[in-house]
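Structural overview for review
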Amino acid sequence: MPAVLETISKELFAGVLLIVVSSYLLGSLNFGVILSNHFAKDDVRNHGSGNAGTTNMLRSYGKKLALVTILGDMVKVAVSILIAYAILKLLGIYDVLEQNFGNEYQVYVKSFSGFFCVLGHIFPCYFKFRGGKGVATSGGMVFIIDWRIGLILLAILILIVLVTRYVSLGSIIIALLYPVFIYLFYKSFVLTLIAVVFTLIVVIAHRGNLKKLINHTENKISFSKSKK
């Protein structure tokens, strides 16, 4: 263990634990479930794909609630990362870690907090561990980590959805591309490995969609005007 970690081991352990808990609990605030319960007096998971994400909100309740859902699921990861920074600063170890690990340290903190926020979104403790698939929340994290990568992946997602009308296909492809761009931009094995973990989470969450895509039974998104 590096000397700096030995000197702040207790504070670091406390910080890691607090970040894990706060990020997971924030991630568990699944806006698809919250908004459908509040505005429709219903649960979006009872409809369509049974998923509590943006696409199912769009199909079930229309564009307005879908938009608020995606914004909420992206904002919560930003808040979780801000809280992670606040925790490290409160414990007096933020500057020490930054000085010893350089710019990559910022990405580590954002990825670590984002990881548990995404887990909370997929397995929300408030809603019987049935949530969304983590695409919007992961996307919010990517933009915070590096807006350039975020814009590239968003453009690819939009293009794929426009051409194929499969949101799930676009989500899976940008998840697979995320580690590639992390490596191209940062040339870091550790950061790339962390990105691969996110890829696995998103792909596993879409395993049902993968089967439907292979069997040509996956639902396509409609661009026609919503009735809701």
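Preceding this paragraph is the structure being described.
Nothing here was measured: the structure is a model prediction, and the numbers come from that model.

Secondary structure assignment for the protein yields 12 helices and zero strands. Traced from its N-terminal end to its C-terminal end, the protein shows the element sequence α-α-α-α-α-α-α-α-α-α-α-α. Over its C-alpha trace the protein gives a radius of gyration of 18 Å, about what one expects of a compact globule, namely 17 Å for 228 residues. For the C-alpha atoms alone, the extent of the protein along its principal axes is close to 60 × 40 × 25 Å. Put simply, of all contacts in the protein between residues at least 6 apart along the chain, 68% involve residues at least 24 apart. Counting only carbon and sulfur atoms, one obtains 69% of the accessible surface of the protein, whose full area is about 12100 Å².

What follows concerns the packing of helix α4 (residues 54-61) against helix α5 (residues 63-90). In the contact formed by α4 and α5, the axes pass within 7 Å of each other and the chain directions differ by 160°. Compared by their axis directions, α4 and α5 come out roughly antiparallel. Relative to α5, α4 is oriented so that their crossing is right-handed. Packed against α4, whose contacting residues are Thr54, Met57, Leu58 and Tyr61, the element α5 presents Lys63, Leu65, Ala66, Thr69 and Ile70 at the interface. Across the contact of α4 with α5, the residue classes break down as six nonpolar, two polar and one charged.

Here we take up the environment of Ala66. Looking at where Ala66 falls in the secondary structure, it is placed in helix α5. Judged by relative accessible area, which is 6%, Ala66 ranks as buried. Taking the C-alpha atoms as reference, Ala66 lies 23 Å from Phe116; in sequence the two are 50 residues apart. Apart from the residues within four sequence positions on either side, Ala66 is in contact with Thr54, Met57 and Leu58.

Thresholds applied
- Residues numbered from 1 in each chain as written.
- Predicted model: local features only at pLDDT ≥ 70, side-chain atom pairs only at ≥ 80, totals over all residues.
- Heavy atoms only, no water.
- Helix = DSSP H or I, 4+ residues; strand = E, 2+ residues; numbered from the N terminus.
- Rg over C-alpha atoms; globule rule 2.2 N^0.38 Å.
- Contact = heavy atoms within 4.5 Å.
- Areas by Shrake-Rupley, 256 points an atom, 1.4 Å probe, with all protein chains shown as cover.
- Axes fitted to C-alpha atoms, helices over the stretch in contact; angles between N-to-C directions.
- Parallel < 35°, antiparallel > 145°, perpendicular 65-115°, else oblique.
- Left-handed = near helix turned anticlockwise from the far one by under 90°.
- Nonpolar A, V, L, I, M, F, W, Y, C, P; charged D, E, K, R; others polar.
- Buried < 20%, exposed > 50% of the residue type's maximum accessible area, 1.4 Å probe, protein only.

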